[in-house]
Amino acid sequence: MAFPAARYTLLELTAESTGDFQLEAEEVAKGAHVFESYIDSIRIPERQKAASQALNALALVMTDGKRTGAEFPWHQLQAHHGKAALSALREAGIPARVESYLCQRDSDRKLQRQPESYTSRQVRQIREVLRRVLRECSTLGYAETERVTEILRPGGNKTARGRTLTISEFRALVSVCEKEATPTSARDNLLIRLGFEAGLRLSEITAVQIEDLKWNDRAGDVRIRIRGPKGQRGRSVSLSNAALVVVEEWLEARGHEDGPLLCLIGRAQKVEIKRLKGADIRLACNRRAELAGVELFSPQDLRRSVAEGIVEKRPTRERVTLQSLFDDEPQSAPETRLAFSSEG
């Protein structure tokens, strides 16, 4: 089965934004050699095409559409790059965005209707192509066998799910953000705090608009209005003093233009007022986990960790309010629900 090349918009993995990938001519030439050598090793033309498109998908995801498989330095790939890219390919809506990107690159290409998402079988096949091209890197002497083995470790492309983060892990995550002092790090710092401290759902983090920030100059604090589903009442969540500082830092980089609070960040750390997708935030979590040296976690895990992270700092009446955030989630960890019980 053929795979259309994919475009993805999270820039934590882009060479221009983070320096993860060295794109000097010599390095790109090595990547092209790996690509061509692997493709030439496949004798059936249909499989050559499928493999080429799979590598294009991965390369475009990891570089925000700036590099195709033949232009990507595969020998520089680290474990978190592969994990994050494969995770992104599972996101709904990616095939349509892929097609749109391809049409932008080729003016003669006609827009084709795409399925809602890649199937699990497609993602597994793309992962297998990645395994083989990385082995080609090792065979050609461009990558150390030990590092390739780490990336290809069974189960290595699965994101950790269903756990809570400790306060120490939370502090390590925000610490790596604060050390960078870039728009990307300020945004990631805020989204981590929105999940861990404020208990926002993934869908709520992506949906928050800048006008949902409610400043109280007299009290010196800020609350976020969370819009409820259609026909249901929303709620208001207060932010910690530390989060307030991060909001101000992020707005200094973002500006106060109407639109989503958390936005995409493009080349040279330029903020683009475009809404993040769920996979954008998952990739950001993976990236920060790798940098902080903590176990991988999902955005939902931040929400699960609210009780462990801040409940002891909240007044009793707010603990009851925070408990209500989880009343519609019976799968929440028992210890998390108990931590929000009202006292006295």
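Residues numbered from 1 in each chain as written. Predicted model: local features only at pLDDT ≥ 70, side-chain atom pairs only at ≥ 80, totals over all residues. Heavy atoms only, no water.

**Here we look at the sheet that holds strand E2 (residues 221-226)**
Strand order in the open sheet formed by three strands is E1-E2-E3, with antiparallel pairing between adjacent strands. Each having just a single partner strand, strand E1 (213-216) and strand E3 (235-238) make up the two edges of the open sheet. Each adjacent strand pair in this sheet contributes to an overall mean axis angle of 30 degrees, direction not counted. Pairing of E1 with E2, which is carried by four bridges, proceeds in the antiparallel orientation. The partner of lysine 214 across the bridge, within E2, is arginine 223. The strands touched by helix H11 (residues 241-254) within the sheet are E1 and E2, with E1 carrying the most contacts at an inclination of about 115 degrees. (Pairing = 2+ DSSP bridges. Helix = DSSP H or I, 4+ residues; strand = E, 2+ residues; numbered from the N terminus. Axes fitted to C-alpha atoms, helices over the stretch in contact; angles between N-to-C directions. Contact = heavy atoms within 4.5 Å.)

**What to know about the side chain of asparagine 56**
Relative to the assigned elements, asparagine 56 resides in helix H3 (residues 45-62). At 2.8 Å, the side chain of asparagine 56 and the backbone nitrogen of glycine 69 are in polar contact. (Polar contact = N/O pair within 3.5 Å; in protein donor to acceptor, adjacent residues only side chain to side chain.)

**Here we look at the packing of aromatic side chains**
Scanning all chains against the criterion turns up two aromatic pairs. Taken together, a centroid distance of 4.6 Å and an interplanar angle of 65 degrees make the contact between phenylalanine 72 and tryptophan 74 edge-to-face. Judged by centre distance (4.2 Å) and plane angle (5 degrees), the ring pair of phenylalanine 170 and phenylalanine 196 falls under stacked. A residue pair is termed long-range when its members are at least 10 positions apart, and phenylalanine 170 in helix H8 (residues 167-180) and phenylalanine 196 in helix H9 (residues 183-196) qualify at 26 residues. For the pair shown, phenylalanine 170 and phenylalanine 196 are each scored as buried. (Phe/Tyr/Trp six-rings, centres within 6.5 Å; stacked < 30°, edge-to-face > 60°. Buried < 20%, exposed > 50% of the residue type's maximum accessible area, 1.4 Å probe, protein only.)

Coordinates in, geometry out; function isn't part of it.
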